[in-house]
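# Commentary on secondary and tertiary structure
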Amino acid sequence: MTEETRTLFLWMAELSDTLGLDMDLDEDSVHAVLDLARDAAHHVTRPAAPLTTFLAGVAVGRGASIGSATASATQLALTKGEHPSTS
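Residues numbered from 1 in each chain as written. Predicted model: local features only at pLDDT ≥ 70, side-chain atom pairs only at ≥ 80, totals over all residues. Heavy atoms only, no water.

## Considering the layout of surface pockets
Rules: The method works on a 1 Å grid over the protein atoms by themselves. A cavity is a set of points holding a 1.4 Å probe that cannot get out, a pocket is an open set with protein on both sides within 12 Å along at least five of seven lines, and residues with an atom within 4 Å of a point line them. Grid points are joined across faces, edges and corners, and a volume is the space filled by probe spheres set on the points. Numbering goes from the N terminus for both helices and strands, where a helix is a DSSP run of H or I of at least four residues and a strand is a run of E of at least two.
The volume enclosed by the largest pocket comes to roughly 800 Å³. Forming the walls of the largest pocket are 28 residues, and the residues nearest its centre are Met12, Leu15, Met23, Leu25 and Val33. Mapped onto the lining of the largest pocket, the elements with two or more residues apiece are helix H1 (3-18), helix H2 (27-43), helix H3 (48-61) and helix H4 (66-82). Of the residues forming the lining of the largest pocket, the biggest block, nine residues, is contributed by H3.

Below is the structure:
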């Protein structure tokens, strides 16, 4: 585990504790969320990254799996990149 990854996981543990969450994300889930943020930033607009991951988190909080929420959001972001909005 790199120092950056270690710092990230320590941060997530501390933040989860502070927010009263009982969460333990594995590396695959972390990579899925980070990849989603990247795809939203690059294919939609940079500010979409944190908001997209937030909305995926809301979906997880309502019962979706991290995998299905990030996959659905990623697919939408990639589709937006192929067909930019004309508005």
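## A few points about the confidence of the model for the chain
Low pLDDT marks stretches whose predicted atomic positions should not be read closely. Put simply, the rule is: Per residue, pLDDT captures the predictor's confidence, and it can take any value from 0 to 100.
Across the chain, the average pLDDT comes to 92, with 93% of residues at or above 70. Mean pLDDT across the elements of the chain bottoms out in H4 (93) and peaks in H3 (97).

## So, the environment of Ala32
Here Ala32 lies in helix H2. Sequence separation between Ala32 and Thr7 is 25 residues; the distance between their C-alpha atoms is 18 Å.

## Examining a negative patch on the surface
Put simply, the rule reads: Residues enter patches when their relative accessible area tops 30% and they take part in no salt bridge; the joining distance is 9 Å for like charges and 5 Å for the nonpolar side chains Val, Leu, Ile, Met, Phe, Trp and Tyr. To measure how exposed things are, a 1.4 Å probe is used in the Shrake-Rupley method; for residues, cover is taken only from the protein chains shown. Whenever Lys or Arg places a side-chain nitrogen within 4 Å of a carboxyl oxygen from Asp or Glu, that contact is recorded as a salt bridge. Only four residue types enter the charge count: Lys and Arg as positive, Asp and Glu as negative, with His and the chain ends excluded. Lysine's charge is taken at NZ, arginine's at CZ, aspartate's at CG and glutamate's at CD. Only protein chains enter the accessibility calculation, which uses a 1.4 Å probe; a residue whose area is less than 20% of its type maximum is buried, one above 50% is exposed, and one in between is partly exposed.
Residues Asp22, Asp24, Asp26, Glu27 and Asp28 make up a contiguous surface patch of negative charge. Structurally, Asp26 can be placed in the loop between H1 and H2. Look at Asp26 and you get partly exposed, because its relative accessible area is 44%.

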